[in-house]
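Residue-level structural notes
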Amino acid sequence: MPLKHVQYTIAAIAFLLLPLAATGQDTIYIDGMIVWSQQADSAEDMAKVSQYQINAMNTALRNTNLPVKIRLVYSGKIDYDEGTIGSDVSYQNLKRGAGKLSEVHRLRDFHGADLVCLILVNPGLIGRSNSWHYAGPNPQHAFAALRLKYCDNPLLAHEWGHNLGCAHGHGESQSTQSDAHEFSHGYRFSVGGTERRTIMCTPYSTTKTVLQYSSPFLFYEGVPTGAEGSADNALSIMRNAPHVAQYRHRPNLEHPLPETPPEAVPVSVQ
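As the structure is a prediction and not an experimental result, all values here were calculated from the model. (Residues numbered from 1 in each chain as written. Predicted model: local features only at pLDDT ≥ 70, side-chain atom pairs only at ≥ 80, totals over all residues. Heavy atoms only, no water.)

Here we take up the overall build of the protein. Scanning the protein from terminus to terminus reveals seven helices and nine strands. Burial statistics for the protein: of 270 residues in total, 52% are counted as buried. Considering only intrachain contacts with a sequence separation of at least 6, the fraction spanning at least 24 residues in the protein is 71%. Working note: accessible area of the protein is about 12,000 Å², and carbon and sulfur atoms make up 53% of it. (Helix = DSSP H or I, 4+ residues; strand = E, 2+ residues; numbered from the N terminus. Buried < 20%, exposed > 50% of the residue type's maximum accessible area, 1.4 Å probe, protein only. Contact = heavy atoms within 4.5 Å. Areas by Shrake-Rupley, 256 points an atom, 1.4 Å probe, with all protein chains shown as cover.)

Below, the structure is given as structure tokens:
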């Protein structure tokens, strides 16, 4: 085995073990919050939609053998009327806490949410989230927005993946704007002549996308789902999750939240 591969493997094992040793626990819990606009609330059963998104992300983390779980600490409608502005504009206002979206920041602090997602109806985006781009952990890089029309897909696993420092696959749009490390990329591979892609690759495909993060140490039908040193979102998440889990502190841990149901059950979004 080439020396650089040996060094990478040693580093990968160290990064997989050290975060758990530092936290003194078996699982790293990241507290998440999902809120939605008045328009979204009128269009769909949003409690079901938000739970599906959480379940799907936890399924992706579990499929990647990562000891990381998303814990939904709050979900609900906010007093926000999208009006006629695009969902991409709403997302920018969300990050800044502008206007009525300042309430989302207050709710985040009150409930101790590390990551935040806003679900919208108006055109403008499919999904959007903050990027790292080697900048390191930042509690202000914790916001994502999803468009309800596409929420029958596991979009949250992709967008909060960006918030955890993961980038798109090599050569894809904005593939270098979200990466925390040089290996923080999704991965495309072929199984029996059929293309497959991990969750951070774009565009999402119900027939081609595998619900897991890239890792050269995991296999799909005998084929590696990542590449050493260039496509290892699993290692990125393990390095970054302990930092993200400290963005906010839950105010009351006397009554732990119930475990998220394990299965990601698809919903039908009109």
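Now that the structure has been shown, we can carry on.
Here we come to the confidence of the model for the protein. When the pLDDT values of the protein are averaged, the result is 86; 80% of them are 70 or greater. Across residues 18–23, confidence stays below pLDDT 50; counting only partners more than four residues off in sequence or on other chains, it has nine contacts. Across residues 254–270, confidence stays below pLDDT 50; counting only partners more than four residues off in sequence or on other chains, it has 38 contacts. (pLDDT = per-residue confidence, 0-100.)

As a further point, take helix H4 (residues 87–96). Along H4, the positions that sit buried rather than exposed are Ser87, Ser90, Tyr91, Asn93 and Leu94. Buried residues of H4, seen end-on, are gathered within an arc of 165° and therefore sit on one face of the element. The elements touched by buried residues of H4 are helix H5 (102–111), strand E3 (115–120), strand E4 (127–129) and strand E5 (143–147). Two residues or fewer past H4, Gly97 is found with a positive phi of approximately 70°. (Arc of directions from axis to C-beta.)

What follows covers the pairing of E3. Extensive coverage of E3 is indicated by the burial of six of its six residues. Of the two faces of E3, both are covered, the one formed by Leu115, Cys117 and Ile119 as well as the one formed by Val116, Leu118 and Leu120. Bridging between strand E1 (residues 28–36) and E3 involves five bridges; their strand directions are parallel. Following the sheet pairing, Met33 is matched in E3 by Val116. Examined bridge by bridge, E3 and E5 share five bridges and lie parallel to one another. (Pairing = 2+ DSSP bridges.)

Another aspect to go through is the nonpolar core. Counting 41 residues, the largest nonpolar core has Ile30, Ile34, Val68, Ile119, Trp160, Tyr213 and Ile237 as its most contacted members. The greatest single-element share of this core, amounting to six residues, is contributed by helix H3 (residues 46–63). Not counting residues within four places of it along the chain, the set of residues in contact with Ile34 comprises Ser50, Ile54, Leu72, Tyr74, Ser75, Gly76, Cys117, Ile119, Leu156 and Trp160. One finds Val73, Leu101, Ala113 and Leu120 within the second-largest nonpolar core, a separate group that totals 17 residues. (Core = buried A, V, L, I, M, F, W, Y, C linked by side-chain atoms within 4.5 Å.)

For the rest of this paragraph, the subject is the sheet that holds E3. Reading across from one edge, E2-E1-E3-E5-E4 is the order of the five strands in this open sheet, with mixed pairing throughout. On the outer flanks of this sheet lie strand E2 (68–77) and E4, each paired with one strand and no other. This sheet shows a mean twist of 20° between the axes of neighbouring strands, independent of strand direction. Taken together, the nine bridges between E1 and E2 define a ladder with parallel strand orientation. Bridge pairing in E2 places Trp36 opposite Lys77. Each of E1, E2, E3 and E5 is contacted by H5, which is oriented at about 150° to E1, the strand it contacts most. (Axes fitted to C-alpha atoms, helices over the stretch in contact; angles between N-to-C directions.)

What follows deals with the packing of aromatic side chains. Applying the stated criterion across every chain, the model contains two aromatic pairs. Ring geometry for Tyr187 and Phe189: centres 6.1 Å apart, planes at 15°, overall stacked. Under the relative-accessibility criterion, Tyr187 is labelled partly exposed at 24%. Judged by centre distance (6.1 Å) and plane angle (65°), the ring pair of Phe189 and Tyr220 falls under edge-to-face. (Phe/Tyr/Trp six-rings, centres within 6.5 Å; stacked < 30°, edge-to-face > 60°.)

The next thing to look at is the pattern of salt bridges. Scanning the entire structure with this criterion turns up seven salt bridges. In this structure, Asp79 engages Lys100 in a salt bridge whose closest nitrogen and oxygen atoms are separated by 3.2 Å. Of this pair, Asp79 sits in the loop between E2 and H4 while Lys100 is found in the loop between H4 and H5, placing the two residues 21 residues apart along the sequence. A relative accessible area of 48% places Asp79 in the partly exposed class. (Salt bridge = Lys/Arg side-chain N within 4 Å of Asp/Glu carboxyl O.)

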